[in-house]
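Chain by chain, the residues:
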Amino acid sequence: MISIKINDREYQVEEGKTILEAAKEIGIEIPHYCYHPALSIAGNCRMCLVEVKGMPKPMTACSTRVSDGMEIYTDSELVKEARKGVLEFILLDHPVDCPICDKSGECKLQDYYFEHSAQKSRYEFPKERHKVEKISKKIYLNPNRCVLCTRCVRFLREITKTNELTTVERGSHSHIVCVDPEGLDNNPFASNISDICPVGALGLNEFRFKKRVWFTKKVKAICQGCAAGCNIYVDVSNRKQLLDGDDDEIVRIHTAENGKLGQYFICDEGRYSYKLYNDKENRVKAPVLDGEEVDFEKAVEVLKEKANVRKGVVILSPLHSIEENYAAYLFARERGFDVFRPSSFRKDLPEPALFIEEKKSPNDRMLKLMKLPKVSEIEEIDYDFALFLHNVGKVHSKSEVRILSVLKRATFSVVFEPMLTDFGKNANMVLPAPIFVEENGCYINGKNFVQHSNKALDYMYGAKPIWEFLGMDFKSEEEVFIQFAKEQLDKDLNYQKLGTEGFEL
Amino acid sequence: MALRFDESDVKKLEEIRAKYPNNQACTLPFLHYAQDKFGYVSMDVIKLVAQTLNLPVAHVLSVATFYTMYNKKPVGKYHLQVCTNISCSLLGARKLVDKLEELLGIKPGETTEDGMFTLTEVECLGSCGTAPVIQVNETYFENLDEKKVEDLIESLRKGELDV
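Only a predicted model underlies this, so the values are computations on that prediction, with no experimental measurement involved. (Residues numbered from 1 in each chain as written. Chains lettered and ligands numbered in written order. Predicted model: local features only at pLDDT ≥ 70, side-chain atom pairs only at ≥ 80, totals over all residues.)

**Side note on the confidence of the model for chain A**
Confidence in the prediction of chain A, expressed as mean pLDDT, is 92, and 98% of residues score 70 or more. Averaged pLDDT values over the elements of chain A bottom out at 90 in strand S23 (residues 503–504) of chain A and peak at 97 in strand S7 (residues 139–141) of chain A. (pLDDT = per-residue confidence, 0-100. Helix = DSSP H or I, 4+ residues; strand = E, 2+ residues; numbered from the N terminus.)

Here's what the structure looks like:
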């Protein structure tokens, strides 16, 4: 640890850090475009200029390392002047088309302009213009809005190592071009360049002209696509917030960073998975008993009666949260029912795979930690009562066959799922389960990280948590989680303790 | 027809390669070699160089477009590069450009229809002591004025000069 002074206050910081990183940790925001924690340092945007005592000129905070006794000023007159100058240059050729730009509202150029510049352009010459085009099936490029931070170029060079984008020409003619559109189409991580673009130069074709970002609610959640447990932001359009009469639905999924997990990007499969959750046609809209919709009270009553047997089984799901699974587990334990777990669905990894995991379920590790037997170990399949928890996604095909036979042979079978599948079709009763954004839930990823996913939407279509159908007395999702942590992990945990970055077991 | 380096090219390129620490460092000399061979640096040439050096096309493209001395378009038999940097401008380079435009009927950046001449304005050629200067292909013509330019074009048209 060394001591440095920022704005005349003394701080202890780790040696070897850059000024920008050190300031960020302390909580001082230094504006920047080209710096990104997962990429190499470029130092080309000049936005992070700060004053360092003893240095003849302002220094780039992203590339200057702290040294003992360093005195830094992040809001002196010199720095303010420098930022204003940098922004004036960046905006020389910028079209200022915020009203039709999809980044508007979450654009760094917009934010910094209002915060640090707010002056009229003095430039009187024609602006440099480039063609706006779709450079791949997923992404469009508007070089006119570009600030040439080269985050996209560095991402494709350093992270995916595929080099589809590059800067060409020089000086004021310098701009980004795509040399390999097909490569971008096939790159399983390509859409990240839209997230890391600090301005509106790179965007998703799918989100183009779709929604103003201030009409969405941004909620931090956990991706359900695989065992990696990537942190994501789910943007939902919420009917109650809106005047334009949209339905409650997920508008997009984008990256939420988790430094502790070392995750700064998400894969395209996860990003575009939101469509699965918006599928309203297949949604189970009410409890269904023998092909007929019944109301909630009736469902609870029937369940109570049918579960009053000696030989029952509960099959949990790696696709559901800890809360849903553990409530069902407690229900089984109370009655002395057998509990099993299905194997996760597996999918071959793409090239490059980076952080993607083979197991296509977010909570496989929880069931494993509980040391539950696999469904393949079910010996006697004639149960009086069978309950299976299912969610959007798949389980291993062998498990699927096994579970279907258990459901078919049971005297009374219940499936708890949000979308109607073969499981529901083969059960006596189907209960409407919530999708992951409709409730708080925790998941344990492949690296033993317990992470919390937030509720973004209200329960829709009569969906309710499993404990309400089973007539259990839990007030909130957190109550179930606390009990799980205590009994299974031997830890005193709650949502607050998990924080935004999760807890490593 | 796809472009390729033949055996003698490969041998010469290997000699160049031996002088540099890694492939990336060879980008510039390889591009120069390719420009000499194929006349200009087209997208196909960039791809060929990238393939030869086992580097991403993105890298070679970025380098080739950064430097103005790689011709991205075909040039005429005689590439007239008029220095319009400060010393030459002070001594009348502007007038030389006007004269050339008049003589050849083209603007800077263009090539005559017969493919004989390409006119380009360039930055300092490092010959301020003998300004104004025009570089024709690899040869410098120094201390020029409008009359001398007229003679120069005539000699080039007649094929009297070896540049």
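Read on, since the account is not over.
**Considerations on the environment of Cys88 of chain B**
All names here are of chain B. Counting through the fold element by element, Cys88 comes out in helix H5 (residues 86–90). Its 25 C-beta neighbours within 10 Å are what place Cys88 among the buried residues. Sequence spacing of Cys88 and Ile134 is 46 residues, and the spatial spacing of their C-alpha atoms is 9.5 Å. (Buried ≥ 20, exposed ≤ 12 C-beta atoms within 10 Å, placed from the backbone.)

**Some points on the sheet that holds strand S3 (residues 134–136) of chain B**
All names here are of chain B. Across the sheet, which stays open at both edges, the four strands sit in the order S2-S1-S3-S4 with mixed pairing between neighbours. If you trace the sheet from one side to the other, it starts and ends with strand S2 (117–122) and strand S4 (139–141), each paired once. Adjacent strand axes in the sheet meet at a mean angle of 25°, parallel and antiparallel pairs treated alike. Across three bridges, S3 lies against S4 in antiparallel orientation. Bridging across to S4, Gln135 finds its partner in Tyr140. Its contacts with the sheet put helix H6 (residues 93–104) on strand S1 (78–83), S2 and S3, and the angle it makes with S1 is roughly 150°. (Pairing = 2+ DSSP bridges. Axes fitted to C-alpha atoms, helices over the stretch in contact; angles between N-to-C directions. Contact = placed C-beta atoms within 7 Å.)

**Section: the domain arrangement of chain A**
Residues and elements named next belong to chain A. Annotation of chain A at the domain level lists domain 1 (2–90), domain 2 (98–277) and domain 3 (288–504). Averaged C-alpha coordinates put domain 2 and domain 3 at centres separated by 34 Å. Each side of the interface is counted separately: domain 2 has 27 residues, and domain 3 has 30 residues. Contributions of two or more residues to the side of domain 2 that touches domain 3 are made by strand S11 (217–222), strand S12 (231–237) and helix H8 (274–277). It is S11 that provides the largest number of residues to the side of domain 2 that touches domain 3, a total of five residues. Considered class by class, the residues forming the side of domain 2 that touches domain 3 number 15 nonpolar, seven polar and five charged. (Domains from an automatic or database assignment. Nonpolar A, V, L, I, M, F, W, Y, C, P; charged D, E, K, R; others polar.)

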